Amino acid sequence: MSLLHSPSHPSAAHPPSPLPLPLLRVQPLRERPELIPELQAWFQAEWPGYYGPGGPGDARRDLLAYAQPDPAALPLGLVALQTDAKGSDGIERLCGFAAIKTEPFAPCPGLGPWAGAALVPQALRRQGIGLLLLQALVSEARALYRHQTRHPTTLFCATATSDSLMLRAGWRLRERVMHGGGEVRVYEVGVAAD
């Protein structure tokens, strides 16, 4: 599955950039395993308390799980890749990651699966990459549901920081819970139909 996206043109208030707009593409991590070392470094930098030295997490192990080879199974990792509009250098650059996770979220043990491990580098945020990844996760979850009735009909996501993104993506606020010493909002989206 590959979704293509080109961010909208600048508004009339801002002159168009002389540089071509980037093209974004989403692909399953299982098709791009060579990106695992770069993603591992991203995970360790973004979540040092969990994936860093002495933390309980193992970024490589988790990424290998997200890259599992069965397209009809979970977990599932997706990467966002960026090239310039003309593809002049032919190089795709990693610009984001998100996953459908099977591990339970402690404050909501009966819910799942979960959209999570979402990461777009700070310099690339607010360019539509996170939205594209969320839309791709929902598309993948819907495809799983259509082909395998054992898959759940709802996808969940917990966030402390991305509420506006979740709402723009069409997710519904389900509840507020305490986690890690602060409030986290739990969102849901149906995946049983397009």
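Residues numbered from 1 in each chain as written. Predicted model: local features only at pLDDT ≥ 70, side-chain atom pairs only at ≥ 80, totals over all residues. Heavy atoms only, no water.

### Points about the overall build of the protein chain
Now for step 1: Secondary structure assignment for the protein chain yields five helices and eight strands.
Now for step 2: Moving toward the C terminus, one meets the helices and strands of the protein chain in the order β-β-α-α-α-β-β-β-α-β-α-β-β.
Now for step 3: Here the protein chain holds 194 residues, and 41% of them are scored as buried.
Now for step 4: For the protein chain, the share of sequence-separated contacts (at least 6 apart) that also reach a separation of at least 24 residues comes to 61%.
Now for step 5: When the accessible area of the protein chain is evaluated, it comes to approximately 10,400 Å², of which 56% is carbon and sulfur surface. (Helix = DSSP H or I, 4+ residues; strand = E, 2+ residues; numbered from the N terminus. Buried < 20%, exposed > 50% of the residue type's maximum accessible area, 1.4 Å probe, protein only. Contact = heavy atoms within 4.5 Å. Areas by Shrake-Rupley, 256 points an atom, 1.4 Å probe, with all protein chains shown as cover.)

### Focus on the packing of aromatic side chains
Now for step 1: Enumeration according to the criterion identifies eight aromatic pairs in this entry.
Now for step 2: Between F43 and W47 the ring centres are 5.2 Å apart and the planes differ by 90°, which places this aromatic pair in the edge-to-face class.
Now for step 3: By relative accessible area, which is 0% here, F43 ends up buried.
Now for step 4: With a centroid separation of 5.3 Å and an interplanar angle of 45°, the aromatic rings of F43 and Y51 are classed as tilted.
Now for step 5: Exposure remark for Y51: the relative accessible area of 9% places this residue in the buried category.
Now for step 6: Three or more aromatic residues joined by ring pairs make a cluster, and in this case those are F43, W47, Y50, Y51, Y66 and F97. (Phe/Tyr/Trp six-rings, centres within 6.5 Å; stacked < 30°, edge-to-face > 60°.)

### Remarks on the nonpolar core
One broad trend across soluble globular proteins is that nonpolar side chains are buried collectively.
Now for step 1: Ranked by size, the top nonpolar core spans 27 residues in total, and within it L78, I129, L133, L137, L155 and W171 carry the most contacts.
Now for step 2: Looking at this core, the elements that each hand over two or more residues are β2 (22-28), β3 (76-84), β4 (93-101), α4 (129-147), β6 (154-159), α5 (163-168) and β8 (182-190).
Now for step 3: The element that contributes the greatest number of residues to this core is α4, accounting for eight residues.
Now for step 4: Those residues in contact with I129 that lie beyond four places of it in its chain are L24, A80, C95, G96, V120 and L124.
Now for step 5: One finds I36, W42, L81 and L119 within the second-largest nonpolar core, a separate group that totals 18 residues. (Core = buried A, V, L, I, M, F, W, Y, C linked by side-chain atoms within 4.5 Å.)

### Here we look at the layout of surface pockets
Rolled over the atoms, a probe with the dimensions of a water molecule shows which regions are left empty.
Now for step 1: If you add up the space inside the largest pocket, you get close to 1,600 Å³.
Now for step 2: Lining the largest pocket are 43 residues, with W47, A118, A158, T159 and T161 sitting closest to its centre.
Now for step 3: Elements with a contribution of two residues or more to the lining of the largest pocket: α2 (48-51), α3 (59-66), β4, β5 (114-119), α4, β6 and α5.
Now for step 4: Residue composition of the lining of the largest pocket, grouped by class: 26 nonpolar, nine polar and eight charged. (1 Å grid on protein atoms, 1.4 Å probe; cavity = no way out; pocket = protein on both sides within 12 Å on 5 of 7 lines; lining within 4 Å. Points joined across faces, edges and corners; volume = space filled by probe spheres on them. Nonpolar A, V, L, I, M, F, W, Y, C, P; charged D, E, K, R; others polar.)

### Regarding the pattern of salt bridges
Now for step 1: Within this structure, the stated rule accounts for twelve salt bridges.
Now for step 2: With a closest N to O distance of 3.3 Å, E175 and R174 form a salt bridge.
Now for step 3: Overall, the relative accessible area of 39% leaves R174 in the partly exposed class.
Now for step 4: What emerges from the salt-bridge pattern is a single network uniting R25, R32, E34 and E92. (Salt bridge = Lys/Arg side-chain N within 4 Å of Asp/Glu carboxyl O.)

### Looking at the side chain of T159
Now for step 1: One can find T159 in strand β6.
Now for step 2: What makes T159 buried here is its relative accessible area of 9%.
Now for step 3: Within the structure, the side chain of T159 is placed 3.1 Å from the backbone nitrogen of T161, a separation counted as a polar contact.
Now for step 4: The contact partners of T159, leaving out residues within four places of it in the chain, are M166, V184, R185 and Y187. (Polar contact = N/O pair within 3.5 Å; in protein donor to acceptor, adjacent residues only side chain to side chain.)

Keep in mind these values describe shape, not function.
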